[in-house]
Amino acid sequence: MATLSTLRHIAYDVLRSLNQNYSDAEINLPQVIYWIMIHADRLKKVYMEMMDFDSGAYVNSFPIVVLVDPLNGRNYFGLPVSIYDYREERGIEFITYRPELDPNNPVFTSVQFTRTTIPATRRLYMRDDEKPTPANPYFYRLADRIYLLGVEQINLLEIEAGLRTSFEPVDSLLDIDEPFDFPQELIPQLKKEILAMGLFVIKTPQEFNIEVMENALQVITPKDIPA
Amino acid sequence: MNFSYEDLLSIREVIADVLLEVDDVEQRKLTPGYYVAQVKYALDELGFSTFFVDVTKDVVMPHDLLIEWPKGCFDLNKIWAYTGTPDDVGYKQPVYWKKNYDTRGKNTGYTADVNEGNITDPFISAPSGYVHELFFNVRSGIIYLSDTCDRYDYIRLQFSGTPSSVLDVDKIKIVPPMVRKAVEQWVVEKAAKALKAKYDTARDQKYRRIQTDAAIQLDEYGMNGSWHEAKMRLRKVDRKMMSDYIEYNSKMLY
C-alpha cells in the first residue's frame, strides 16, 4: 500500500480551496474534519461494496475477550469499534477461535463462526449436520453485541474477529497526522463532495435556489467510483 | 467395483470444489453443515440404488430371541446362526424368512400361515420335515427369531448399509473416489436450487443457470450423466470375479 495522505493534508487542501473562493467564510478546521469523516465514511462503505468485499485492505483484526451474559448465559462480545452495517453482516469479515486441533494452521482457518440471525437459528437445530457445535459454531448480531452459538460448553475465552471498521465522526483520540485509512484513489471524489457541501453551507440560506441545491447535494454514486 | 476404505475421500475435498462452483467460498450463503448434509444425501441415494456398502454384524444370541434392526441397515441380505464365536465359527445354519411369522419372543409360540399344526386347512398345506429349520420375521424394527435359533451362540447379519451411517464413524472420509464427480454435481445442483430462491432475481438468474447445468451433467433419472455412470461403476463386478464367473460357467462347475 502506498503512503497514505494524512487527514491534515486533505483538510487543509479543502480549507484552502474554500478560502480561495470565499475568503470571508467562517469555516474552520474541525468543521472540515467532521465533513471529511462523514463523507469518507460513506465513500469507503460504497467502495468496499463495489469491490465486492474481495479485499482485506480495510479489514482490521482484533483479539476479543468473550463474555457471558449473566441474564441468559449466552456467550457474546461487544464490538470493539464501530463497523459498517452491510447486508448479511459483511462488516464482520470473520470470527474465529483456536480449538488447538491443528497447530499447523493459522487461527482463522481453524474454526470459523458462520453468520446467522436469530430467526434463522431455529432451522439450524433441525439437522445434526447444521446444529451449532464447537466444531460448527455460529454468530448473530444484536445491536452492538455479537452472540456466539455452539460454544457454550467449551468455556471459550477469546476469539479473533476481522472487522470492516467505519470512521467515527467525532473521535477525541483522532490524530490528524496519522495516515488516513481511506482509498487514495477516492480522495478527489471526497474533496468534490466536501467542497459541494461547503458551497451549500456558505450559500445557505442567502443564495439558496434549485441550482445551488443541485450542485451542492450531488453525491457520489457507485458508478462514479473507478473500478 | 470395490474400494479400500483408506481411499475414501473426505467430505471437505468434495465441498471445496462445490463452493467454487456455487460462488459461496466464504460459506455465508449456505451453512457448512448444509453442504455436508448434501454429500451424505447423495451417497445415501447411491447406496439405496446400488447397495455398495456391505456390512456384517455379529450379535450374541439374545435370551428373548429378539434382535433390534441394526443401525444403518436398510436391506438385509443374509442371516446365519452359528455356534462358537465370530473368530471361531462352528456349526452354522441359514435363518430363513417366514411369511407372516409372528411371535412375542422365546417360548411364546408363534403364528404363521404355514405351520406344522395346520393340517386341516383347505388352502394352505402343512409343511413337513422342517421343524428344525430356523426362521425369522421383522416387525416394527425388531427381528423375531424362531425358538429353534436358541441352540446357537451367535447371529450373523449381512446387510447393505446406509452409507452416511456406516462409512467412517467420524463422518469425514466417506466418498468413494469413483463417484466423486456425481456427488459433486449432486451437491452443486442442490445448493444452487436452495440459493436461487434467495439470490436470483428476474434479471439475474445465476443460480438457476448453475442448477440447470449441474442437473444436465448429473442426469439423475436418465442414462447420460454422471449419476448413471456412478451407479454403473458401483455395481460393476471386479474383473477377477467376472473372469472366475465365466470360468465356472464354462466348466459347469459351481
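Residues numbered from 1 in each chain as written. Chains lettered and ligands numbered in written order. Predicted model: local features only at pLDDT ≥ 70, side-chain atom pairs only at ≥ 80, totals over all residues.

This part takes up the overall build of chain B. Looking only at helices and strands, one finds seven helices and nine strands in chain B. Counting the 254 residues in chain B, one finds 29% classified as buried. Across chain B, the fraction of contacts at a sequence separation of at least 24, relative to all contacts at a separation of at least 6, is 70%. (Helix = DSSP H or I, 4+ residues; strand = E, 2+ residues; numbered from the N terminus. Buried ≥ 20, exposed ≤ 12 C-beta atoms within 10 Å, placed from the backbone. Contact = placed C-beta atoms within 7 Å.)

The subject of this paragraph is the overall build of chain A. Counting its secondary structure elements, chain A contains six helices and nine strands. Out of the 227 residues belonging to chain A, those deemed buried represent 26%. A fraction of 66% describes how many contacts in chain A between residues 6 or more apart in sequence connect residues 24 or more apart.

Let us look at the nonpolar core. Most often, soluble globular proteins have nonpolar side chains that are buried together. Core analysis: the largest hydrophobic core is formed by 36 residues, its most contacted members being Val-18, Tyr-35, Val-39, Val-183, Val-187 and Ala-191 of chain B. The element that contributes the greatest number of residues to this core is helix 4 (residues 180–199) of chain B, accounting for eight residues. Within the second largest apolar cluster, 21 residues are counted, among which are Leu-7, Ile-36, Leu-43 and Tyr-58 of chain A. (Core = buried A, V, L, I, M, F, W, Y, C linked by C-beta atoms within 7 Å.)

Another point: the interface of chain A and chain B. The interface of chain A with chain B comprises eight residues on the first partner and eight residues on the second. A class-by-class count of the residues in the side of chain A that touches chain B yields one nonpolar, two polar and five charged. (Nonpolar A, V, L, I, M, F, W, Y, C, P; charged D, E, K, R; others polar.)

Residue and element names in this part refer to chain B. Within the secondary structure, Ala-214 is located in helix 5 (residues 206–218). Using a count of 24 C-beta atoms within 10 Å as the deciding quantity, one classes Ala-214 as buried. Sequence separation between Ala-214 and Met-232 is 18 residues, and the spatial gap between their C-alpha atoms is 19 Å. When neighbours within four sequence positions are excluded, Ala-214 is seen to be in contact with Gln-185, Val-188, Glu-189 and Ala-192.

All names here are of chain A. Judged by pairing direction, the sheet is antiparallel, and its four strands sit side by side in the order 1-9-4-5 without closing on themselves. Because the sheet does not close on itself, it has two edges, and the strands there are strand 1 (60–65) and strand 5 (111–112). Two elements, strand 4 (residues 92–97) and strand 5, share two bridges in a ladder whose sense is antiparallel. Looking at the pairing, Tyr-97 lines up with Val-111 of strand 5. (Pairing = 2+ DSSP bridges.)

Residue and element names in this part refer to chain A. Reading across the sheet, the five strands line up as 2-3-8-7-6 and stay open at both edges, with mixed pairing between neighbours. Edge positions in the open sheet fall to strand 2 (67–68) and strand 6 (114–115), since each of these has one partner strand only. Both strand 3 (residues 75–78) and strand 8 (residues 145–149) contribute to a ladder of four bridges, which runs antiparallel. The residue of strand 8 that forms the bridge with Tyr-76 is Tyr-147.

Residue and element names in this part refer to chain A. Summarising the sheet, strand 7 (residues 138–142) and strand 8 pair through five bridges and their orientation is antiparallel. Within strand 8, the position partnered with Tyr-138 by the bridge is Leu-149. From the end of strand 7 to the start of strand 8, which pair antiparallel, there are two residues, and Ala-143 there has a positive phi angle of about 55 degrees.

All names here are of chain B. An ideal rise of 1.5 Å per residue puts 18 Å on 13 residues; helix 5 measures up with 18 Å between its terminal C-alpha atoms. Buried within helix 5 are the following residues: Tyr-207, Ile-210, Gln-211, Ala-214 and Leu-218. In an axial view of helix 5, the angular spread of the buried residues amounts to 100 degrees, which keeps them on one side of the axis. Tucked into the core, helix 5 has its buried residues touching helix 1 (11–21), helix 4 and helix 6 (226–235). Residue Asp-219 follows helix 5 closely and has a positive phi angle near 50 degrees. (Expected span 1.5 Å × (residues − 1). Arc of directions from axis to C-beta.)

All names here are of chain B. Judged from the three bridges that link them, strand 3 (residues 66–68) and strand 7 (residues 142–145) form a sheet pairing that is antiparallel. Note on strand 7: the bridge partner recorded for Ile-67 is Ile-143. Pairing between strand 6 (residues 134–139) and strand 7: four bridges, direction antiparallel. What sits directly across from Arg-139, in strand 7, is Ile-142. Between strand 6 and the antiparallel strand that follows it, strand 7, lie two residues; Ser-140 among them carries a positive phi value of about 50 degrees.

Here the focus is the packing of helix 2 (residues 32–50) of chain B against helix 6 of chain B. All names here are of chain B. Where helix 2 meets helix 6, the axes come as close as 10 Å, and the angle between the chain directions of the two elements is 55 degrees. On the basis of the axis angle, helix 2 is oblique to helix 6. The way helix 2 lies across helix 6 gives a crossing that is right-handed. On the side of helix 2, the interface is formed by Leu-46, Ser-49 and Thr-50, while helix 6 contributes Ala-230, Lys-231, Leu-234 and Arg-235. Partitioned by chemical class, the residues of the contact of helix 2 with helix 6 number three nonpolar, two polar and two charged. (Axes fitted to C-alpha atoms, helices over the stretch in contact; angles between N-to-C directions. Parallel < 35°, antiparallel > 145°, perpendicular 65-115°, else oblique. Left-handed = near helix turned anticlockwise from the far one by under 90°.)

Attention shifts here to the confidence of the model for chain A. Of the residues in chain A, 82% have a pLDDT of 70 or more, and the chain-wide mean is 83. The weakest mean pLDDT in chain A belongs to helix 3 (residues 107–110) of chain A at 58; the strongest belongs to strand 8 of chain A at 95. (pLDDT = per-residue confidence, 0-100.)

In this structure, Phe-53 of chain A takes a positive phi of about 55 degrees despite not being glycine. Checked against the element boundaries, Phe-53 of chain A lands in the loop between helix 2 (29–50) and strand 1. Using a count of 18 C-beta atoms within 10 Å as the deciding quantity, one classes Phe-53 of chain A as partly exposed. Positive phi values are uncommon outside glycine, yet Asn-107 of chain B reaches one of about 60 degrees. Checked against the element boundaries, Asn-107 of chain B lands in the loop between strand 5 (88–97) and strand 6. The class of Asn-107 of chain B is exposed, set by 10 C-beta atoms lying within 10 Å.

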